[in-house]
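# Architecture at a glance
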Amino acid sequence: MNPAVMIMFVAMSLIPAGDSAGKILTQQLGVAPLFVAWSRFAVGAVLVLPFAPRGAWRLLRDWRIWLRAALLAVGISAIQTALRTEEIATVFAAFFIGPLISYVLAVVFLREAVTPLRSILILFGFFGVLIVVRPGMGANVGLLWAVLAGTCYGIFLTMSRWLGHLGTPVSLTFTQLLISAILMLPLGLANLPPATLTIAALAGTSALCSMLGNMLLLFAYAHASATRLAPLVYFQLIAAVGLGWLFFGDLPDVWTWTGLVVILSAGIASTRLR
């Protein structure tokens, strides 16, 4: 197997693993989602700091970099709030409205090429999200938080493509973590949990897994084509199902399984067209 593909599988497993640690903190230990989100940014920024190039600091003068980081802060806070009450696989399925929103925004604002087949697949994927969320059919508030998280992430992805020329991937990663940690500092300090070894270990695990997953994602894309690796992003959904069953004994219901299959099918087919 290509090393980049193996790295991609590891990366896509680490991201839901970090959210699983966050779910244990919020659901079982009563830690506030806002603290989990802030600690993830703060620890991540410290871990990336030694690798941040000097040019990363000049990016802090650009208001667009701050807006991008603010969207990420809202998105991560929302998904941690959703994980407090909802199954991790269901949350990730609703969260995958993000790539759909990113596609629409990229077409409208970045003037990216659009094809009828890709547009149909995007609508098909959105239909899968609707199957999972089931608006108007007693959808839980937690899923609405997941949709908000996906919406913020979709805008974040489009802004990342818009601003990608401003700095290296490591520079952009460092600034998004640092700015988010600064913006959320008052909320994090206002929701400090008891200082226990268990909470510290889980908060560190959540931040480390998320940071490593995203860093490995960048490393994989540096060693293989985006067309080949993009479909593997959807492995997050499979990893989320496995981790939900392993740590929480949760398995999706029939509707969620159906939505997962639709999202996976549409996502993989869409990325293979690029």
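The structure reproduced in this document is the subject of the present report. Since the structure is predicted, the reported quantities are computational estimates derived from the model, not experimental observations.

Once that is clear, we can look at the overall build of the chain. Along its length, the chain carries 14 helices and zero strands. For the chain, the sequential pattern of α-helices and β-strands runs α-α-α-α-α-α-α-α-α-α-α-α-α-α. In terms of principal-axis extent, the alpha carbons of the chain reach across some 50 × 45 × 40 Å. For the chain, the residues scored as buried account for 51% of the 274 residues in total. Within the chain, contacts between residues separated by at least 24 positions form 88% of all contacts whose residues are at least 6 apart in sequence.

Two numbers describe how helix H6 (residues 97–109) lies on helix H8 (residues 141–163): the axes approach to 7 Å, and their chain directions differ by 40 degrees. If you check the angle between H6 and H8, you find them oblique. Between H6 and H8 lies a crossing of right-handed hand. The residues of H8 that touch H6, namely those facing Ile97, Gly98, Ile101, Ser102, Leu105 and Ala106, are Val147, Gly150, Thr151, Gly154, Ile155, Leu157, Thr158 and Arg161. Tallied by class, residues from the contact of H6 with H8 come to seven nonpolar, six polar and one charged.

What follows is about the packing of aromatic side chains. Two aromatic rings, taken as a pair, are described by how far apart their centres are and by the angle between their planes. Tallied over the entire structure, the rule returns seven aromatic pairs. Pairing Tyr153 with Phe156 gives two aromatic rings, centres 5.7 Å apart and planes at 20 degrees, and the pair type is stacked. Separated by three residues within a single helix, Tyr153 and Phe156 lie in helix H8, roughly one turn from each other. A relative accessible area of 26% means that Tyr153 is categorised as partly exposed. Here the aromatic cluster, defined as three or more aromatic residues joined through ring pairs, consists of Phe92, Phe95, Tyr153 and Phe156. For Lys23, the ring lying beneath its charged end belongs to Phe248, and the centroid distance is 5.4 Å.

Basis of the calculations
Residues numbered from 1 in each chain as written. Predicted model: local features only at pLDDT ≥ 70, side-chain atom pairs only at ≥ 80, totals over all residues. Heavy atoms only, no water. Helix = DSSP H or I, 4+ residues; strand = E, 2+ residues; numbered from the N terminus. Buried < 20%, exposed > 50% of the residue type's maximum accessible area, 1.4 Å probe, protein only. Contact = heavy atoms within 4.5 Å. Axes fitted to C-alpha atoms, helices over the stretch in contact; angles between N-to-C directions. Parallel < 35°, antiparallel > 145°, perpendicular 65-115°, else oblique. Left-handed = near helix turned anticlockwise from the far one by under 90°. Nonpolar A, V, L, I, M, F, W, Y, C, P; charged D, E, K, R; others polar. Phe/Tyr/Trp six-rings, centres within 6.5 Å; stacked < 30°, edge-to-face > 60°. Lys NZ or Arg CZ within 6 Å of the ring centre and 35° of its normal.

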